[in-house]
Amino acid sequence: MTLARLEQQLGFLREIDQLKSVVRQSPLLDRSRKENSAEHSWHLAMYALLLNEYAAGPVDTNRVMQMLLLHDIVEIDVGDFPIHGGSSALVQAEQEARAAARLFGMLPQLQGDQFLRLWQEFEEGETEDARFAKALDRFQPLLTNVFTGGGTWTENGVSLEQVFSRYGPVIKKGAPQLWSVCEQWVTRHFSQ
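Residues numbered from 1 in each chain as written. Predicted model: local features only at pLDDT ≥ 70, side-chain atom pairs only at ≥ 80, totals over all residues. Heavy atoms only, no water.

### Considerations on the packing of aromatic side chains
Move 1: A full pass over the atoms with the stated rule returns 9 aromatic pairs.
Move 2: Taken together, a centroid distance of 6.5 Å and an interplanar angle of 50 degrees make the contact between F12 and F115 tilted. Here the residue F12 occupies a position in helix α1 (residues 3-16), and F115 occupies one in helix α6 (residues 109-124), the gap between them amounting to 103 residues.
Move 3: Of the residues examined, F12 reaches a relative accessible area of 4% and is grouped as buried.
Move 4: With a centroid separation of 5.7 Å and an interplanar angle of 75 degrees, the aromatic rings of F164 and W179 are classed as edge-to-face. Here W179 lies in helix α10 (residues 176-191) and F164 lies in helix α9 (residues 160-174), a separation of 15 residues in the sequence.
Move 5: Judged by its relative accessible area of 28%, F164 falls in the partly exposed class.
Move 6: One residue, K134, lies across the ring of F122, its end atom 4.4 Å from the ring centre. (Phe/Tyr/Trp six-rings, centres within 6.5 Å; stacked < 30°, edge-to-face > 60°. Helix = DSSP H or I, 4+ residues; strand = E, 2+ residues; numbered from the N terminus. Buried < 20%, exposed > 50% of the residue type's maximum accessible area, 1.4 Å probe, protein only. Lys NZ or Arg CZ within 6 Å of the ring centre and 35° of its normal.)

### Quick notes on the nonpolar core
Move 1: Counting 44 residues, the largest nonpolar core has L136, F139 and L142 as its most contacted members.
Move 2: Residue assignment for this core shows that the elements contributing at least two residues are α2 (37-51), α3 (61-70), α5 (89-104), α6, α7 (128-147), α9 and α10.
Move 3: Looking at this core element by element, the count peaks at 9 residues for α7.
Move 4: Those residues in contact with F139 that lie beyond four places of it in its chain are Y47, L51, I171, L178, C182 and W185. (Core = buried A, V, L, I, M, F, W, Y, C linked by side-chain atoms within 4.5 Å. Contact = heavy atoms within 4.5 Å.)

### Overview of α7
Move 1: Counted at 1.5 Å a residue, the expected span for α7 with its 20 residues is 28 Å, and the 28 Å between its end C-alpha atoms agrees.
Move 2: Most of α7 is tucked away: 16 of the 20 residues are buried.
Move 3: Positive phi appears at G149, one or two residues downstream of α7, with a value of about 75 degrees. (Expected span 1.5 Å × (residues − 1).)

### A look at the pattern of salt bridges
Move 1: Following the criterion strictly, the structure yields 11 salt bridges and no others.
Move 2: Put simply, R63 and D129 hold a salt bridge, and the shortest N to O gap is 2.6 Å. Of this pair, R63 sits in helix α3 while D129 sits in helix α7, and the two are 66 residues apart along the sequence.
Move 3: You can call R63 partly exposed: its relative accessible area is 25%.
Move 4: A salt bridge links E128 to R131, with the shortest nitrogen-to-oxygen separation between them at 3.1 Å. Linking E128 with R131, this pair stays in helix α7, spanning 3 residues, or about one helical turn.
Move 5: Residue E128 is classed as partly exposed on the basis of its relative accessible area, which comes to 29%. (Salt bridge = Lys/Arg side-chain N within 4 Å of Asp/Glu carboxyl O.)

### Examining the environment of S191
Move 1: As for its position among the elements, S191 is in helix α10.
Move 2: With relative accessibility at 58%, the residue S191 sits in the exposed group.
Move 3: The spacing of S191 and L160 is 31 residues in sequence and 9.3 Å in space, taken between C-alpha atoms.
Move 4: There is a polar contact of 2.9 Å between the side chain of S191 and the backbone oxygen of R188. (Polar contact = N/O pair within 3.5 Å; in protein donor to acceptor, adjacent residues only side chain to side chain.)

### Overview of the environment of P141
Move 1: You can see P141 is positioned in helix α7.
Move 2: With a relative accessible area of 9%, P141 lands in the buried category.
Move 3: In this structure, P141 is in contact with S26 and L136, ignoring residues within four places of it in sequence.

### Description of the packing of α2 against α3
Move 1: Closest axis-to-axis distance for the α2/α3 pair is 8 Å, and the angle between their directions is 165 degrees. Here α3 runs roughly antiparallel to α2, going by the angle between their axes. The element α2 and its partner α3 pack so that their crossing is right-handed. Residue-level inspection shows S41, W42, L44, A45, A48 and L49 of α2 in contact with α3, the latter providing T61, V64, M65, L68 and L69.
Move 2: In terms of residue class, the contact of α2 with α3 is built from 9 nonpolar, 2 polar and no charged. (Axes fitted to C-alpha atoms, helices over the stretch in contact; angles between N-to-C directions. Parallel < 35°, antiparallel > 145°, perpendicular 65-115°, else oblique. Left-handed = near helix turned anticlockwise from the far one by under 90°. Nonpolar A, V, L, I, M, F, W, Y, C, P; charged D, E, K, R; others polar.)

Shown next, in the form of structure tokens:
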């Protein structure tokens, strides 16, 4: 072990502590406050650990968990881009790519490159692992909205059609059985 390597790793760990300060739109299920991005990432890793049997295809749960722990680290630099926020996808992608290069560039090169590749794989959403990770990233806030009486959907005037179009394709592609449950929840929520 070289001291320089350890210093880089510890510097990265100190830097990502900032993720605890990035507040998302989604509330906690008890509605006591909004969740932060670190909590969201940890919770998604737990979703992967518990729900991997519902992936559309074979997945490496360890890789999926790694992607989910890394996917929002870029929010340290760019903040959260809520799904209902109407931001430009191109501008968001450019800002997040710069943030990923900076943050993962803090690590020893091989480790940083590995994390950057995992982050890029998640963003591209082309592998079974990435499709499942992305499905969970949409599933968790959908569940939160349903079980908080509308949550961010109510705050942002989101319609049934918007939920189906913004969440449905991603969840269905990576975890079709979970989407079946979501359809029932969402239909019931909007019929009340």
